[in-house]
Amino acid sequence: MKKTIIYIGLAVSVSLFAACSDLLDTNPKDFLSIESYYKTEDDVINSLGAIYSVLGSQNTYGRYLVIDGAMDDLCYWNQSEADIINRLCSWNYTPAQPHLANLWNSLYEGIERSNVLLENIGKVDGLEETVRNKYIGETRFLRAYYHYLLADNWGAVPLKMVSSKKVSEVNIAPTSQKEIFQTVVKEIEDILEKDMLNPADSYNHVSRVSTTVAQGILARIYLKMAGYPLYMGEDMYEKALYWAQQVELSHLHMLNRDYDQIFINHSQDIQDVQYRESMWEANFVGNSTTDPGKSDKYSWIGVTNGIICYSDKDDLGYSYGYIRTRLKLWDLFDDTDKRKMRSIAPYKFNTTDVNKYDEKTTSFTSIAERCAAKWRREEESVKPKTKNYSTTNFPILRYSDVLLMIAEAENELHGATDVALAALNQVRERAGVKCYTTGTTDDTKITVTGADELRQIIRDERARELCFEGIRKHDLIRWGIYVQEMQKAAAEPYETGNVGNGRTSDANQRTKMAAIASKMTEKYLLFPIPQSELNLNNKMKQNKYW
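Rules behind the numbers
- Residues numbered from 1 in each chain as written.
- Predicted model: local features only at pLDDT ≥ 70, side-chain atom pairs only at ≥ 80, totals over all residues.
- Heavy atoms only, no water.
- Helix = DSSP H or I, 4+ residues; strand = E, 2+ residues; numbered from the N terminus.
- Buried < 20%, exposed > 50% of the residue type's maximum accessible area, 1.4 Å probe, protein only.
- Contact = heavy atoms within 4.5 Å.
- Areas by Shrake-Rupley, 256 points an atom, 1.4 Å probe, with all protein chains shown as cover.
- Phe/Tyr/Trp six-rings, centres within 6.5 Å; stacked < 30°, edge-to-face > 60°.
- Lys NZ or Arg CZ within 6 Å of the ring centre and 35° of its normal.
- Pairing = 2+ DSSP bridges.
- Arc of directions from axis to C-beta.
- Expected span 1.5 Å × (residues − 1).
- Axes fitted to C-alpha atoms, helices over the stretch in contact; angles between N-to-C directions.
- Left-handed = near helix turned anticlockwise from the far one by under 90°.
- Nonpolar A, V, L, I, M, F, W, Y, C, P; charged D, E, K, R; others polar.
- Core = buried A, V, L, I, M, F, W, Y, C linked by side-chain atoms within 4.5 Å.
- Disulfide = S-S within 2.5 Å.
- Salt bridge = Lys/Arg side-chain N within 4 Å of Asp/Glu carboxyl O.
- pLDDT = per-residue confidence, 0-100.

## Remarks on the overall build of the chain
Scanning the chain from terminus to terminus reveals 18 helices and 8 strands. Overall, the chain is about 70 × 55 × 45 Å in size when its C-alpha atoms are taken along their principal axes. Buried residues in the chain amount to 61% of all 546 residues. Sequence-distant contacts, at least 24 apart, represent 72% of the contacts inside the chain between residues at least 6 apart. Of the accessible surface of the chain, which amounts to about 20,600 Å², a share of 49% is contributed by carbon and sulfur atoms.

## What about the packing of aromatic side chains?
Here the structure, examined in full by the defined rule, presents 27 aromatic pairs. Where F141 meets Y145, the ring centres are 6.1 Å apart and the plane angle is 10°; that geometry is what we call stacked. Of the two residues, F141 and Y145 both sit in helix α5 (residues 129-154), 4 residues apart, roughly one turn of that helix. By relative accessible area, Y145 is classed as buried at 1%. Members of the aromatic cluster, joined through ring pairs, are W77, Y310, Y318, Y320, Y322 and Y357. Between K340 and the ring centre of W330, over which it is positioned, the NZ or CZ distance is 3.8 Å.

## A word on the pairing of strand β6 (residues 394-398)
Counted residue by residue, β6 has 5 buried out of 5 residues, so it is predominantly covered. In this sheet, β6 lies alongside strand β2 (residues 278-282) in antiparallel orientation, the contact comprising 4 bridges. Note that in β6 the partner of E281 across the bridge is P395.

## With respect to helix α16 (residues 482-491)
Buried within α16 we find Y482, E485, M486, A489 and A490. For α16, the arc enclosing every buried residue in end-on projection is 145°, short of the 170-degree limit, so these residues lie on one face. Contacts made by the buried residues of α16 are with α10 (327-332), α15 (472-478) and α17 (507-518).

## Section: helix α14 (residues 451-466)
Given a rise of 1.5 Å per residue, 16 residues ought to cover 22 Å, and the 22 Å separating the end C-alpha atoms of α14 matches this to within 8%. Taken together, the buried positions of α14 are L454, I457, I458, R459, D460, E461, R462, A463, R464, E465 and L466. After α14 finishes, the residue F468 shows a positive phi value of roughly 70°.

## Some words on the environment of T289
Note that T289 resides in the loop between β2 and β3 (323-325). Note on T289: relative accessible area 45%, which makes it partly exposed. For the pair T289 and T444, spaced 155 residues apart in sequence, the C-alpha separation works out to 52 Å. Residues contacting T289, with those up to four places away along its chain left out, are P384 and T386.

## Examining the environment of S80
Topologically, S80 is positioned in the loop between β1 (75-77) and α4 (98-120). Each C-alpha atom of the pair S80 and Y347 lies 23 Å from the other, and the pair is 267 residues apart in sequence.

## Considering the packing of helix α13 (residues 418-431) against α14
Remark: α13 packs on α14, axes separated minimally by 11 Å, with the N-to-C direction vectors making an angle of 35°. Pair α13 / α14 crosses with left-handed handedness. Between α13 and α14, the contacting residues are A420, L421, L424, V427, R428 and R430 on the first element and L454, I457, E461, R464 and E465 on the second. Tallied by class, residues from the contact of α13 with α14 come to 6 nonpolar, no polar and 5 charged.

## Describing the nonpolar core
Residues L55, Y61, F141, L142, Y145, W154 and W280 are the most contacted members of the largest nonpolar core, which totals 148 residues. At 12 residues, α5 tops the list of elements feeding residues into this core. Apart from the residues within four sequence positions on either side, L55 is in contact with T60, Y61, G62, L142, Y145, Y146, W280, A282, F284 and I396. Counting residues in hydrophobic clusters, the runner-up holds 9 residues, among them C309, L316, F349 and C371.

## A few points about the state of the cysteines
Counted under the stated rule, the structure contains 0 disulfides. Left unpaired, C75 is separated from the closest cysteine sulfur, that of C467, by 9.0 Å. With no disulfide of its own, C435 has C467 as its nearest cysteine by sulfur position, at a separation of 19 Å. On the accessibility criterion, C435 (15% relative accessible area) is buried.

## Here we look at the pattern of salt bridges
For the structure on display, the rule yields 44 salt bridges. Residue K194 is joined to D190 by a salt bridge in which the shortest nitrogen-to-oxygen separation is 3.2 Å. Measuring nitrogen to oxygen at the nearest pair gives 3.0 Å for the salt bridge that ties R428 to E461. One end of the pair, R428, is in helix α13; the other, E461, is in helix α14, and 33 residues separate them in sequence. As far as the burial class goes, R428 and E461 line up, both buried. Ionic contacts of the salt-bridge type, sharing partners, join the residues E277, D337, R339, K374, R398, R428, R430, E461, R464, E465 and E469 into one network.

## Observations regarding the confidence of the model for the chain
Per-chain confidence: the chain averages 93 in pLDDT, with 94% of residues scoring 70 or above. Under a pLDDT of 50 for its full length, residues 1-30 has, in the predicted model, 74 contacts with residues more than four places off or in other chains.

## Considerations on the environment of T511
Along the chain, T511 turns up in helix α17. By relative accessible area, T511 is classed as partly exposed at 43%.

Have a look at this one:
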């Protein structure tokens with residue numbers, strides 16, 4: 001939120017729904033009970049800010065939800081297996097993995113704060129009813145969205161629609177993934193029906209939920225419900241299409257003609273209210289030097305998944321460059337595609353000579369050496385920079401994703417129609433590559449023969465457009481192909497033509513490319529329930545295989 005966030009000491013805190021460490025460590029003189037806190041609109045705004053702050057955490061969109069916990073078939077982690085034991089990016093972690101517990105706790109922390117605000121906002125005098133309802137709408141949406149993230153990543157989880165009144169209220173039975181999703185979409189649709197959110201153009205930033213954000217997220221959830229493991233039928237595609245098209249019909253969002261600028265904006269906290277392609281972002285303010293003492297509320301975007309650089313100079317910025325490109329992603333792009341050299345590093349920095357860390361080169365030993373490059377530390381505007389944290393925002397929902405959801409849902413329902421191709425071609429046209437058609441054409445367009453072919457085309461387009469944005473793994477899972485695609489990724493570096501030939505560098509690199517992907521089985525379609533939760537909640541059950 002583009003307001004100063006004040007963390008409030010709540011009267012109730014239990015492990016499952018605990019507030020973050022800075023809240024728990026609050027000095028008693030700063031402690032305010034729920035009964036005494038909610039008096040003014042500022043109190044509501046601060047409470048809402050605390051709910052939003054869950055998004056701006058390294059536990060969620062600052063790193064672990066969208067980088068370490070979202071490894072897919074387009075990238076690999078450039079460290080040996082010995083260096084990533086019990087890491088979320090690997091395969092050998094356990095239910096006791098700490099970042100899993102932090103992610104779980106952060107989401108339930110947001111849910112608990114939402115419930116507390118909803119139960120107490122009625123005590124605030126002087127709020128116009130319309131204004132109060134907008135705050136309630138945002139809070140209800142965030143509560144629903146956090147439940148969606150939990151169910152999407154863990155399956156059956158506790159559904160928590162009221163705040164904890166006693167510390168002993170920890171034994172809560174899990175609700176099925178299907179029922180969680182049904183509750184979430186019902187909640188969001190009710191919010192939209194009652195006009196409880198503001199339009200996107202009422203804000204001068206993109207870090208708050210708007211009507212079109214809620215519509216786009218609904219489309220995303222319905223596509224999930226249409227696919228694995230629920231396969232709830234054609235009606236889910238119809239609803240996904242409806243809500244995605246509502247975003248399109250609003251005319252409040254369009255594609256930024258400069259693909260690079262989307263990600264530069266994230267690194268420089270430029271709130272794009274001209275195009276509003278980046279519809280909803282997790283917002284990060286400052287790093288551990290400029291804004292110290294914020295616990296987990298920092299971003300690793302560009303640090304973990306940027307172009308490797310060991311320089312500590314402010315005009316560059318340190319990056320571990322852990323996320324590297326798989327050959328599949330490189331091959332998916334045409335050389336003329338404007339997205340290719342934004343998504344995949346066109347250069348690297350010297351990492352072998354301490355006196356030349358700021359030296360840039362375009363010479364690579366192989367394609368697989370290239371880093372993910374959407375977010376580049378040298379483009380950050382906040383200085384001084386720090387080694388382990390950036391100030392880069394993360395896109396939760398972009399308009400190009402909405403257009404591709406329209407294309408996907410329309411194709412599943414009606415085949416390769418003009419509606420599906422129009423949405424797909426908007427994304428293609430911006431990228432500077434050939435568009436698709438179902439009619440006879442010359443060499444300026446590509447002919448599509450039917451729904452089956454277009455399905456794969458759309459899936460490939462989502463890979464090109466949205467790579468490294470924490471979405472691909474979830475797409476592969478809902479399409480029911482995650483395990484098989486990861487096994488293909490493991491085999492890829494050893495295929496004929498990929499050993500050497502400028503595609504892979506050496507045996508060590510090929511081992512890294514195959515190591516994690518080869519271990520991906522049905523077990524990894526869901527995270528394990530954190531051991532800390534099982535120890536606390538006697539009604540919770542561990543997920544299959546864990």
